[in-house]
Amino acid sequence: MEYIGFLMFFAVMIGIALVMISLNWLFGPKTPQEYEDYPYECGVPLYDKCAQTTFHQGYYLLGLLLLLFDIEAAFLFPWTVVYRWLGIFGFIEMFLFILILTYGLLYAWKKGALNWQFEREEF
Amino acid sequence: MNWNALIPEFVLSGGILLLFALELFLREKYYRFFTALAAVIVLISSFSVLMVNYPVSTLFGGFSVSAFNLTAKFLLGIITALVLLSSYDFFEKKNSAYGELSYLYLITLLGFMFMLSSENLAIVFVGLELASISMYILVGLFRKNYISKEGAFKYLVLGTAGTSMFVLGTAFVYASTGTLVLNLQKGSGTFFALGVLLLMSALALKVSAFPFHFWTPDAYEGAPTPTTSFLATVPKVAIYFLFAKLTLYLFSSLTSWKFLIGSIAIASMFYGNFLAYAQKSVKRLLAYSSIAHAGYFTLALTLADKFLISSLLFYVFVYALSTLGAFTVLSILEKKDLWTHNFSDFKGIAKEHPVLASFLAFFLFALIGIPPMAIFVGKLGIFMGLIKGEMLILSILFVIASVISAGYYLKVIVYMFFFQKEKSFGAVKVSTGESITLMISSTGILLLGIFPGILLDYLFRLPY
C-alpha cells in the first residue's frame, strides 16, 4: 500500500500523455505533407528509401574522420597530465603528432571528404 | 637519445610528409614528378644507411640497428625505387594516376623498416600493420576497375585475419616467456607452442605459403601490375628477413618446429607448382609461382642454420629482382588496350616485341633456376644447406618441385616464341623508367649469378 502514490502518479502521467496526443489528433491540421513519413537522416536524402538498410558511403567516411579526431583528443589528455615532467621533448613529440593529424584533416578537406552533398559514387 | 640510428627513417618520413603536402596542393597533374621525387627520396634513404653507426639501440630499447637490418633496409629501398620508376607510365596510360600512389609505396617501406629494426614484438606488429594497411589501399587504387577492388577486399579480410593471428601469437609468447623482447630464449609448454604456431601462420599468410595463400592470386591479378610487382617483391624480402630473425630467436627452440614449417613448405611447393599449370592468365601463373617460391623459401627455415639463412636471404633478393622484371614486362604489355594477360594474347609477341619477349624469357629462365642466372645460386645454397643439415627427404622434394616448375615457365616462353600471332593490339612504347628497371634487374640477376660472392659473402659474414 505504500506504493499507491507511485501508481497514481503513473496513471496520471499516462492520462495526460494520452489527452495531449488525442487533442493533437483532434485539432491538428490534416493537410498531407510530402516528406511527412520520410525517415530523417541528418537532413540528407536517403540512399535507400528506408533508414534500416543501406547507408551512403559518406557516413562511413565521416565516422572514420570522427574516430581519427576523437582519438587525437584522447591522446591529448594524458599528455597534459604529464606535460610538466616531459618538458621540451614531450612538447615537440606532441607537436609532431598533431602536425601529422592536421595533415589528415587537410587531406580529408582537399579530397572533398567533408562535402556533405554526395554525388553518386563510381568504382 | 641517439638520433643517428634513425637517419633512414627520418629521411623517409620527411619525404613522405613533403610528398603528401605537395600532392595536396599540386594535385595529380604532377604525378610523374611525384613519382620521380619519391624514387629519389627512397634512394637517399637507402643510401643513408651508410651513415648509421651500429650496433646500437635507441628509443628506450624499442628500436635497434644492426648490420642485419641495415642490409635489409638497403635492399628494400633499392627494390622500391625500381618499382616506383617502373610504375608511372603504366598509371598514366591507364588513366589511374592517383597522386597518393607515390607516397603509399613509401609508407609501406617505412612500415617494413620499423618492423625490421625492432626487437620488440609489439613494435614489430605496429610496423607490419602500417605496411599491410598501405598495401590494402595500394591494391585497390586502380580507377574504374572492379577486379582491383575485389582483390583489395580479399586481401584486406585475409590480411586482417593474419595480423590478428600475429597479435594473438605475441600474447601467447608473452604469456610463456614473460617478455616481448626477442633474445635467445628457451620457451616451453603449450602456450609457447601455440604462440609459435600463430606467429608462424601470420607470417606464412603474409608470404602466401600454402594453407594461407587464398588472397594471393586474386590480389595479384586485381592489383595494377606495378603494384603487383611491389606486392611480390618488397613484402617478401622484408618478411623473410623478419622470419629468419624470429626463427633464430624464437621458433627454433620449439622441438617440433622442423615438422611444422617443413610441412607448410612441402605443401606450398607442390600446390603452387601444380596449380600454376591450370592457369589461363600469365599474371595468375606468376602468382602461383610466388606461392611455390614461398615453399622453397620456408624450406630454408627448417633449421636455425647460418648457412641456410644466408642463402635464403640471397635467394629472396634475386627472386625479388627477377619477379620485378617479369611483372614490369607484363605492365609494359598491359599498356596496350584490351590486353588481358591471357595465354592467347601472348601468342607470337616475340615477332612484334623481340626485346620485351626476350626480357620476359630471361626472367622466366631465371625463375626456373638456369645456371648463369642468380636464382640458381640461391637454390643451390638451400639445397646444400639442407643436405648439410641431413634433411635428405626435404632436399629431394625441393629438387622435384623445381623440376616440375620448369614446365609452366617454359609454356609462356613457347607461347611467345613458337606460336603465330592471332590478335593485334597495336604498338606500345617502353618508358625510360621501365627500361631502367628492366636493365638494372636483369643486370643484377646476371651479375649476382656470375659473381654471387658480392652479396653472398657479405650475407655470410653478417652477425645475426
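Just so you know, these numbers come straight off a predicted model, no measurement behind them.

Our focus in this paragraph is the overall build of chain A. Regarding its fold elements, chain A presents three helices and zero strands. Listed by position from the N terminus, the elements making up chain A come as α-α-α. Scored against the burial criterion, the 123 residues of chain A give a buried share of 0%.

It is worth spelling out the overall build of chain B at this point. From N to C terminus, chain B includes 19 helices and two strands. Expected size for 464 residues packed as a compact globule is a radius of gyration near 23 Å; at 21 Å, chain B falls within 12% of this value. Its C-alpha atoms put chain B at 65 × 55 × 40 Å along the principal axes. Across the 464 residues in chain B, those meeting the buried criterion constitute 54%. For chain B, the share of sequence-separated contacts (at least 6 apart) that also reach a separation of at least 24 residues comes to 80%.

What follows concerns the interface of chain A and chain B. Between chain A and chain B, the contact holds six residues from the first and six residues from the second. Counted by class, the side of chain A that touches chain B contains four nonpolar, no polar and two charged residues.

All right, on to the packing of helix H12 (residues 282-299) of chain B against helix H17 (residues 392-418) of chain B then. Residue and element names in this part refer to chain B. At a minimum axis distance of 11 Å, the contact between H12 and H17 shows a crossing angle of 165°. Considered as vectors, H12 and H17 are oriented roughly antiparallel to each other. Between H12 and H17 lies a crossing of left-handed hand. Of the residues in H17, those in contact with Val282, Leu285, Ser289, Ala292, Gly295, Tyr296 and Leu299 of H12 are Leu394, Phe398, Ala401, Ser405, Tyr408 and Val412. The class makeup of the residues in the contact of H12 with H17 is ten nonpolar, three polar and no charged.

Let us look at the nonpolar core. Soluble, globular proteins show a tendency: their nonpolar side chains are buried together. Residues and elements named next belong to chain B. Within the largest apolar cluster, 158 residues are counted, with the highest numbers of intra-cluster contacts made by Leu106, Val237, Ala238, Tyr240 and Leu312. Broken down by element, this core gets its largest block of residues, 19 residues, from helix H13 (residues 306-334). Setting aside residues up to four positions removed in sequence, Tyr240 forms contacts with Val207, Phe297, Leu312, Leu313 and Val316. Membership of the second largest hydrophobic core comes to five residues, among which are Ala5, Val49, Phe63 and Leu70.

Following the sequence through the fold, Phe33(B) ends up in helix H2 (residues 31-47). Among the residues examined, Phe33(B) registers 13 C-beta atoms within 10 Å and is labelled partly exposed.

Quick look at helix H1 (residues 7-26) of chain B now. Over its 20 residues, H1(B) extends 28 Å from the first C-alpha to the last, a length consistent with the 28 Å expected when each residue adds 1.5 Å. Residues Pro8(B), Val11(B), Leu12(B), Gly15(B), Ile16(B), Leu19(B), Phe20(B) and Glu23(B) constitute the buried set of H1(B). Down the axis of H1(B), the buried set is contained in an arc of 170°. They therefore lie on one face. At its buried positions, H1(B) is contacted by helix H3 (83-110) of chain A together with H2, helix H3 (67-93) and helix H4 (100-116) of chain B. Backbone geometry just downstream of H1(B) places Arg27(B) in the positive-phi region, at approximately 65°.

Right, let's get into the packing of H13(B) against helix H19 (residues 453-461) of chain B. Residues and elements named next belong to chain B. As a packed pair, H13 and H19 sit with axes 9 Å apart at the nearest point and diverge in direction by 140°. As H13 runs across H19, the sense of the crossing is right-handed. Where H13 abuts H19, its residues Ser310, Leu313, Phe314 and Phe317 lie against Leu455, Leu456, Leu459 and Phe460. Considered class by class, the residues forming the contact of H13 with H19 number seven nonpolar, one polar and no charged.

This paragraph deals with the environment of Gly389(B). All names here are of chain B. For Gly389, the location among the structural elements is in the loop between helix H16 (374-388) and H17. Of the residues examined, Gly389 has 18 C-beta atoms within 10 Å and is grouped as partly exposed. Sequence-wise, Gly389 and Ala304 are 85 residues apart; in three dimensions their C-alpha atoms are separated by 9.8 Å. Filtering out sequence-adjacent residues up to four positions away, Gly389 remains in contact with Leu303, Asp305 and Leu308.

What counts and how
Residues numbered from 1 in each chain as written. Chains lettered and ligands numbered in written order. Predicted model: local features only at pLDDT ≥ 70, side-chain atom pairs only at ≥ 80, totals over all residues. Helix = DSSP H or I, 4+ residues; strand = E, 2+ residues; numbered from the N terminus. Buried ≥ 20, exposed ≤ 12 C-beta atoms within 10 Å, placed from the backbone. Rg over C-alpha atoms; globule rule 2.2 N^0.38 Å. Contact = placed C-beta atoms within 7 Å. Nonpolar A, V, L, I, M, F, W, Y, C, P; charged D, E, K, R; others polar. Axes fitted to C-alpha atoms, helices over the stretch in contact; angles between N-to-C directions. Parallel < 35°, antiparallel > 145°, perpendicular 65-115°, else oblique. Left-handed = near helix turned anticlockwise from the far one by under 90°. Core = buried A, V, L, I, M, F, W, Y, C linked by C-beta atoms within 7 Å. Expected span 1.5 Å × (residues − 1). Arc of directions from axis to C-beta.

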